[in-house]
Amino acid sequence: KRFNNDEAYKEDEVKEYCDSKGKGDLSPEGITIGHSMGARILSRAIFSRDYIKYESPNRPPESHVKLFIGLQGAFSANRFVVNKGWEGSPYAEFYKYPTFFTLTTSYNDKANPAARFFTGAKHVGGKYGLKFAKKEKNAKVFKVIKWTDNYQTDIKTLSSMSNEDKRKIIMIDATKIVDGID
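These numbers come from a predicted model, not from an experiment.

Some thoughts on the packing of aromatic side chains
Right, on to step 1. With the rule as written, the count across this model stands at 13 aromatic pairs.
Right, on to step 2. Between F47 and F101, the ring centres sit 5.3 Å apart and the planes meet at 15 degrees, which makes this aromatic pair stacked. Of the two residues, F47 is situated in the loop between α2 (37-46) and β2 (65-71) and F101 in strand β3 (residues 100-105); the sequence distance between them amounts to 54 residues. For the pair F47 and F101, one class covers both residues: buried.
Right, on to step 3. Their ring planes at 80 degrees and their centres at 5.9 Å tell us that F94 and Y95 sit as a pair that is edge-to-face.
Right, on to step 4. An aromatic cluster is defined as three or more aromatic residues linked by ring pairs; in this entry it consists of F47, F68, F75, F80, Y91, F94, Y95, Y97, F101, F132 and F142.

So this is what it looks like as structure tokens:
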């Protein structure tokens, strides 16, 4: 089926392809990696999809980030848990996103201790975030695994996780390799 207007034909062909693949568009999936404040900014960007204006009012906003890696993130673990902290729970519906969230954390990371004192924030990169994630009452939100420094053991741990655990916030306790404010 060929139209006189080549541009209209191309647009129709793309639409058919997207419909056949169950995709809203051809946007590529991405991986985001941020450290400290960069992790905070990128995590906020992922959860800001509802504020992005789209050309089609009939299409809901969607995230194209497949994997988020936050290295010693400077944002609170409270954000993932409903009704926790002073800042609300803007990330509590993380399970509705196609994104897998992986964070590194360490008991040795003592960056920004004033945040916990003034706001109750338990930064995911530090000891308060790690302690919070390990609490039994937060087991439905966080899956904490320990960095072993053995590549094969770490890969086996990650690849053998249940699908339910893969959809949780994966926190890698990197205390063994993070020995200070990183």
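As for the pattern of salt bridges
Right, on to step 1. Scanning the entire structure with this criterion turns up 5 salt bridges.
Right, on to step 2. Across the salt bridge formed by D173 and K146, the nearest N and O atoms sit 3.4 Å from each other. Residue D173 is located in strand β5 (residues 169-173), and its partner K146 is located in strand β4 (residues 142-146); the two are separated by 27 residues in the primary sequence.
Right, on to step 3. Here K146 falls in the exposed class, since its relative accessible area comes to 56%.

Looking at helix α4 (residues 127-134)
Right, on to step 1. For α4, the full list of buried residues reads G129, L130, F132 and A133. On an axial view of α4, the arc spanned by its buried residues comes to 160 degrees, and they lie on one face.
Right, on to step 2. In the core, the buried residues of α4 are packed alongside β3, β4 and β5.

Some thoughts on the sheet that holds β5
Right, on to step 1. The 5 strands lie next to each other as β1-β2-β3-β5-β4, forming an open sheet whose pairing is parallel. Both outer strands of the open sheet, β1 (30-35) and β4, are each paired with one neighbouring strand and no more. The sheet shows a mean angle of 15 degrees between the axes of neighbouring strands, direction not considered.
Right, on to step 2. Pairing of β1 with β2 involves 6 bridges; the strand directions are parallel. Among the inter-strand pairings, T32 is bridged to a residue of β2, identified as F68.
Right, on to step 3. Sitting on the sheet, α2 is in contact with β1, β2 and β3, with an inclination near 145 degrees to β1.

About the thresholds
- Just so you know, the residues in each chain are numbered from 1, in the order the chain's sequence is written.
- Given that this is a predicted model, residues contribute local features only at a pLDDT of at least 70 and side-chain atom pairs are listed and counted only at 80 or more, while totals for whole chains, interfaces and linings are drawn from all residues.
- Only hydrogens and water are set aside; all other atoms, that is, all heavy atoms of the structure, feed into the side-chain values.
- Classification of ring pairs uses Phe, Tyr and Trp, with its six-membered ring standing for Trp, and accepts pairs whose centres are within 6.5 Å; under 30 degrees between planes counts as stacked, over 60 as edge-to-face, and the remaining range as tilted.
- Note on conventions: DSSP H or I runs of at least 4 residues are helices, E runs of at least 2 residues are strands, and numbering of each starts at the N terminus.
- Think of it in three bands: residues with accessible area under 20% of the maximum for their type are buried, residues over 50% are exposed, and the middle band is partly exposed, with areas taken using a 1.4 Å probe on protein chains only.
- For this document, the term salt bridge refers to a Lys or Arg side-chain nitrogen within 4 Å of an Asp or Glu carboxyl oxygen.
- It is the directions from the helix axis to the C-beta atoms whose arc is reported.
- The contact rule is simple, with two residues in contact once any of their heavy atoms fall within 4.5 Å.
- Should DSSP find at least two bridges between two strands, the strands are regarded as paired.
- As a rule, the C-alpha atoms of each element are fitted with a line to give its axis, helices using only the stretch in contact, and angles between N-to-C directions run from 0 to 180 degrees.

Shape is all these values report; function is a separate question.
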